[in-house]
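Observations on chain architecture
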Amino acid sequence: MRIEDVISLLEKEPMTAREICYALQIDPSQEKEVFEAIKRSAKILKRKGKQLLMIPPKCRKCGFQFETMNPSRCPKCKSEWIEPARFFVQP
Ligand SMILES: [Zn+2]
(Lines give C-alpha, C1' and ligand atoms only; values in the text may rest on other atoms or scores of the structure.)
Protein backbone atom coordinates (compact mmCIF):
# COMPACT_ATOMS: atom_id res chain seq x y z
CA MET A 1 0.00 0.00 0.00
CA ARG A 2 1.41 3.35 -1.02
CA ILE A 3 0.82 6.32 1.27
CA GLU A 4 0.45 8.54 -1.81
CA ASP A 5 -2.53 6.45 -2.93
CA VAL A 6 -4.20 6.81 0.45
CA ILE A 7 -3.63 10.56 0.41
CA SER A 8 -5.00 11.02 -3.10
CA LEU A 9 -8.16 9.11 -2.16
CA LEU A 10 -8.70 11.24 0.92
CA GLU A 11 -8.19 14.39 -1.11
CA LYS A 12 -11.24 13.45 -3.18
CA GLU A 13 -13.78 12.57 -0.52
CA PRO A 14 -14.13 11.46 3.12
CA MET A 15 -13.58 7.71 3.39
CA THR A 16 -13.60 5.03 6.04
CA ALA A 17 -10.64 2.67 6.44
CA ARG A 18 -12.81 -0.09 4.99
CA GLU A 19 -13.61 1.97 1.91
CA ILE A 20 -9.90 2.64 1.43
CA CYS A 21 -9.32 -1.14 1.55
CA TYR A 22 -11.84 -1.66 -1.25
CA ALA A 23 -10.57 1.25 -3.32
CA LEU A 24 -6.97 0.01 -3.16
CA GLN A 25 -7.95 -3.67 -3.39
CA ILE A 26 -6.55 -4.46 0.02
CA ASP A 27 -8.02 -7.32 1.99
CA PRO A 28 -10.25 -5.94 4.79
CA SER A 29 -8.30 -8.13 7.23
CA GLN A 30 -5.46 -5.63 6.71
CA GLU A 31 -7.60 -2.74 7.88
CA LYS A 32 -5.19 -2.17 10.77
CA GLU A 33 -2.42 -1.35 8.32
CA VAL A 34 -4.73 1.12 6.61
CA PHE A 35 -5.16 2.92 9.93
CA GLU A 36 -1.37 3.03 10.26
CA ALA A 37 -1.14 4.46 6.74
CA ILE A 38 -3.73 7.10 7.65
CA LYS A 39 -1.65 8.12 10.66
CA ARG A 40 1.47 8.36 8.50
CA SER A 41 -0.35 10.37 5.84
CA ALA A 42 -1.46 12.84 8.50
CA LYS A 43 2.22 13.51 9.29
CA ILE A 44 3.18 13.84 5.63
CA LEU A 45 0.31 16.23 4.97
CA LYS A 46 1.24 18.32 7.98
CA ARG A 47 4.69 18.86 6.53
CA LYS A 48 3.04 20.07 3.34
CA GLY A 49 0.91 22.51 5.32
CA LYS A 50 -2.25 20.45 4.86
CA GLN A 51 -4.41 18.81 7.44
CA LEU A 52 -5.97 15.38 7.66
CA LEU A 53 -9.29 15.56 9.46
CA MET A 54 -11.41 12.85 11.01
CA ILE A 55 -15.17 12.69 11.19
CA PRO A 56 -15.24 10.75 14.46
CA PRO A 57 -16.81 7.33 14.87
CA LYS A 58 -20.25 7.35 16.41
CA CYS A 59 -22.35 4.77 18.23
CA ARG A 60 -25.36 4.02 16.06
CA LYS A 61 -27.39 3.03 19.08
CA CYS A 62 -26.93 5.89 21.56
CA GLY A 63 -25.07 8.50 19.50
CA PHE A 64 -21.91 8.48 21.63
CA GLN A 65 -19.07 10.15 19.78
CA PHE A 66 -15.62 8.57 20.01
CA GLU A 67 -12.25 10.30 19.99
CA THR A 68 -10.31 7.24 18.89
CA MET A 69 -9.96 6.14 15.27
CA ASN A 70 -11.11 2.56 15.50
CA PRO A 71 -13.23 1.74 18.56
CA SER A 72 -14.85 -1.68 18.77
CA ARG A 73 -17.43 -1.06 21.47
CA CYS A 74 -19.41 1.84 22.92
CA PRO A 75 -18.38 2.61 26.51
CA LYS A 76 -21.81 4.06 27.23
CA CYS A 77 -24.28 1.45 25.99
CA LYS A 78 -21.86 -1.45 25.17
CA SER A 79 -23.16 -1.61 21.61
CA GLU A 80 -20.81 -2.79 18.87
CA TRP A 81 -22.90 -1.15 16.19
CA ILE A 82 -20.55 1.70 15.33
CA GLU A 83 -20.54 4.13 12.47
CA PRO A 84 -16.84 4.13 11.46
CA ALA A 85 -14.59 7.18 11.31
CA ARG A 86 -14.17 8.96 7.99
CA PHE A 87 -10.98 10.71 7.02
CA PHE A 88 -10.36 13.52 4.58
CA VAL A 89 -7.80 16.08 3.62
CA GLN A 90 -8.87 19.61 4.35
CA PRO A 91 -9.01 21.36 0.99
ZN1 LIG B 1 -23.67 3.60 22.52
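Before reading further, recall that the structure is shown in the block above.
Below is a short write-up of the structure. (Residues numbered from 1 in each chain as written. Predicted model: local features only at pLDDT ≥ 70, side-chain atom pairs only at ≥ 80, totals over all residues.)

**A word on helix α1 (residues 3–12)**
Residues of α1 that are buried include every one of Val6, Ile7 and Leu10, and no others. Buried positions in α1, seen along its axis, are confined to an arc of 95° and lie on one side of it. Looking at α1, the residues exposed on the side facing more than 90 degrees away from the buried face are Glu4, Ser8 and Lys12. (Buried ≥ 20, exposed ≤ 12 C-beta atoms within 10 Å, placed from the backbone. Helix = DSSP H or I, 4+ residues; strand = E, 2+ residues; numbered from the N terminus. Arc of directions from axis to C-beta.)

**Focus on unusual backbone geometry**
Despite not being glycine, Gln25 has its phi angle at roughly 55°, a positive value. On the secondary structure map, Gln25 appears in the loop between α2 (17–23) and α3 (31–47). Judged by the 7 C-beta atoms lying within 10 Å of it, Gln25 falls in the exposed class. In this structure, Lys78 takes a positive phi of about 70° despite not being glycine. Looking at the element boundaries, Lys78 is found in the loop between β2 (58–59) and β3 (82–83).

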